[in-house]
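Summary of the model geometry
So the chains spell out like this:
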Amino acid sequence: EAGVVQSPRYKIIEKKQPVAFWCNPISGHNTLYWYLQNLGQGPELLIRYENEEAVDDSQLPKDRFSAERLKGVDSTLKIQPAELGDSAVYLCASSPMGANVLTFGAGSRLTVL
Amino acid sequence: DQQVKQNSPSLSVQEGRISILNCDYTNSMFDYFLWYKKYPAEGPTFLISISSIKDKNEDGRFTVFLNKSAKHLSLHIVPSQPGDSAVYFCAAKGGADGLTFGKGTHLIIQP
């Protein structure tokens, strides 16, 4: 069974540029999460989807961050414009609805110069 | 305000001995607790979990203990092996919410 697939694995951009990350969850997993992990910190939830509905986006900085999961499968997380402080690893995770255990992807490491 | 706290940023243990990683939480609504292991340049992988109705869960070399009255859990690894060297994250869940993570403990197994 394929795991959670994320791309790109690494991205380097200049500040004020846009960037997008893509996530393909495990087949059949209705719930999809985007987490942000800063250096030396634990993952922090940005947004949680149940199918195509964003049921918790309270921690998503909506002035520059956006996310979508149009068909309830793949998801995209976008930052526009990127700031220096956005340099971090962006983790996608998925689970069956109501499950306690999340399966994480390898993450997308963003460096903003 | 950190709801899940791992107060030891790093821990060094000799190979073959017991590793004990600690975690404290503040939110009484948490009812499920998990430990994840993370190697560099990889995502966190699930290790072991425990429901709030239990006080111990064991899986091979890994045991998690939960003390609800103290809002404390610990992960015991025995015997410790070189491949156990990684960052370990404690996570907690309340209801349908996502996981809340601690900052992690970097475990180093010395030969």
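In what follows, the structure referred to is the one given above.
Structural notes, computed from the coordinates. (Residues numbered from 1 in each chain as written. Chains lettered and ligands numbered in written order. Predicted model: local features only at pLDDT ≥ 70, side-chain atom pairs only at ≥ 80, totals over all residues. Heavy atoms only, no water.)

**Remarks on the sheet that holds strand β7 (residues 62–67) of chain B**
Pairing between sheet strands relies on hydrogen bonds along the backbone, with the strands arranged either parallel or antiparallel. All names here are of chain B. In plain terms, the rule: Here, strands pair whenever DSSP counts at least two bridges between them. By definition, any uninterrupted DSSP run of H or I lasting at least four residues is a helix, any uninterrupted run of E lasting at least two residues is a strand, and each is numbered from the N terminus.
Spatially, β1-β3-β8-β7-β6 is the arrangement adopted by the five strands of the open sheet, whose pairing is antiparallel. Looking at the sheet topology across the chains shown, the edges are occupied by β1 (4–5) and β6 (56–59). Note that β7 and strand β8 (residues 72–77) share six bridges and pair antiparallel. Looking at the pairing, V64 lines up with L75 of β8.

**Description of the interface of chain A and chain B**
Applied cut-off: Contacts were defined at the residue level, with two residues in contact if any of their heavy atoms lie within 4.5 Å. Buried surface area refers to the total accessible area, computed with a probe of radius 1.4 Å, that the two partners give up upon joining, counted for both partners together. Any carboxyl oxygen of Asp or Glu that lies within 4 Å of a side-chain nitrogen of Lys or Arg is treated as forming a salt bridge with it. Pairs of N or O atoms within 3.5 Å make up the polar contacts considered here, provided that, within protein, one atom can donate a hydrogen while the other can accept it, and that residues adjacent in sequence are counted only when both atoms are side-chain atoms. All residues other than Ala, Val, Leu, Ile, Met, Phe, Trp, Tyr, Cys, Pro, Asp, Glu, Lys and Arg, Gly among them, are scored as polar; the first ten of these are nonpolar and the last four charged.
On the chain B side, the residues contacting the 19 residues of chain A number 18 residues. Both faces combined, the contact of chain A with chain B buries some 1400 Å², and carbon together with sulfur accounts for 55% of it. On the chain A side of the contact with chain B, N100, V101 and F104 of chain A bury the most area, a combined 32% of that side's loss. Seen at the junction of chain A and chain B, the total is zero salt bridges. In this structure, the connection of chain A to chain B is made through three residue pairs in polar contact (both at pLDDT 80 or more). When residues of the side of chain A that touches chain B are traced back to their parent elements, those giving at least two are β4 (31–37) and β5 (44–50) of chain A. Of the residues forming the side of chain A that touches chain B, the biggest block, three residues, is contributed by β4 of chain A. Across the side of chain A that touches chain B, the residue classes break down as eleven nonpolar, six polar and two charged.

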